[in-house]
Amino acid sequence: MTNWTAADPAALVTPASAAAVCAFAAAWLSVGRDQGLRRARLVLVGAAVEPEEPPWGRLWERLRGRARPEWLCLPVAVVVAVLADSVLPLAAGVVAVPLVGRWLRARERERAKWRRGDEVVAWCGVVAGELRAGRQPGQALAVAARDTQALGEAEAQVLAAARFGGDVALELRVAAREPGAEGLAGVAACWQVAVDGGTGLAAGLERLEAALRADREQQEELRAQLTGPRTTAVLLALLPVLGLLLGTAMGASPLRVLLHTPAGFGCLVVAGALEFAGLCWTARIVRTGEKG
């Protein structure tokens, strides 16, 4: 029997255990240093110390912030590659990641543009209401900017111009160049007319709000009418996938036929090209319909 009591303590320390202890100590010191810096900042600025989030919570938030939905193409491609015993699905998954990411970012920009348009309509209503309540134009702009996000990155410039006697109409035209904020060009025109000719700004903004709201309602109705064709196109695009699933469930091994035989591979290439062309054609029709 080995006498552990008489053994040298240094012999009990293995490289793996030493590395684990060092890593744990480094992580603990890093977290403690971050917490100490956070407390110091809060104390120096005079703010109340908020409950600290656990380190694993911060790690999870970072992972969630860096994760992208398009990376889900890779595990799906791995599963298909294993089932088909081919490397082609894996290569297709790698190629699909940037394409799907580009499509998702385009959809996000479109949604942001739509939300910005709604903010502009609401902003016009708030400014007109504040002017009717007796506020000065600069004060009305400040209140509307606090309640909505229509001005975006140009908010500081517009408010500074209104407060210090700058060219508000010019700043509004600059803000109108952002996607979805085109209605601010009408606000700039109303502001210019009110400054040069003395016409009531509130009345002009109310008419502009009504026009923008009517245009938004028309666009929403058009988008609702195009929902049916868009859904039909997506279902038709998913039919080949459903056929592959049914064939696999029936034991026909369609993936093996498509990926391991010349005739099947040729059918796969032609079908993929036709599928892509059909999706592009449908998307172009929908975009043309949305533009009116």
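On a predicted model such as this, the values are computed, not experimentally measured, just so you know.

Although it is not a glycine, Asp 85 adopts a positive phi angle of roughly 55 degrees. Looking at the element boundaries, Asp 85 is found in the loop between α3 (73-84) and α4 (88-132). The phi dihedral of Ser 253 falls on the positive side, at around 55 degrees, and the residue is not glycine. Here Ser 253 is to be found in the loop between α9 (201-249) and α10 (254-260). Judged by relative accessible area, Ser 253 falls into the partly exposed class, the value being 38%.

Of all hydrophobic cores here, the largest spans 33 residues; its most connected members are Trp 123, Val 127, Leu 172, Leu 184, Val 187 and Leu 205. At the level of secondary structure, the elements contributing two or more residues to this core comprise α4, α5 (137-147), α6 (155-163), α7 (168-175), α8 (184-197) and α9. With seven residues, α4 is the single largest residue contributor to this core. Not counting residues within four places of it along the chain, the set of residues in contact with Leu 172 comprises Trp 123, Leu 151, Val 158, Leu 184, Val 187 and Ala 188.

What follows is about the side chain of Ser 86. In this fold, Ser 86 is placed in the loop between α3 and α4. We classify Ser 86 as buried; its relative accessible area is 13%. In contact with Ser 86, not counting residues within four places along its chain, are Ala 81, Leu 259 and His 260.

Let us now look at the side chain of Glu 130. Here Glu 130 lies in helix α4. Among all residues touching Glu 130, those that are not within four sequence positions of it are Arg 135, Ala 140 and Val 143.

Conventions used here
- Residues numbered from 1 in each chain as written.
- Predicted model: local features only at pLDDT ≥ 70, side-chain atom pairs only at ≥ 80, totals over all residues.
- Heavy atoms only, no water.
- Helix = DSSP H or I, 4+ residues; strand = E, 2+ residues; numbered from the N terminus.
- Buried < 20%, exposed > 50% of the residue type's maximum accessible area, 1.4 Å probe, protein only.
- Core = buried A, V, L, I, M, F, W, Y, C linked by side-chain atoms within 4.5 Å.
- Contact = heavy atoms within 4.5 Å.

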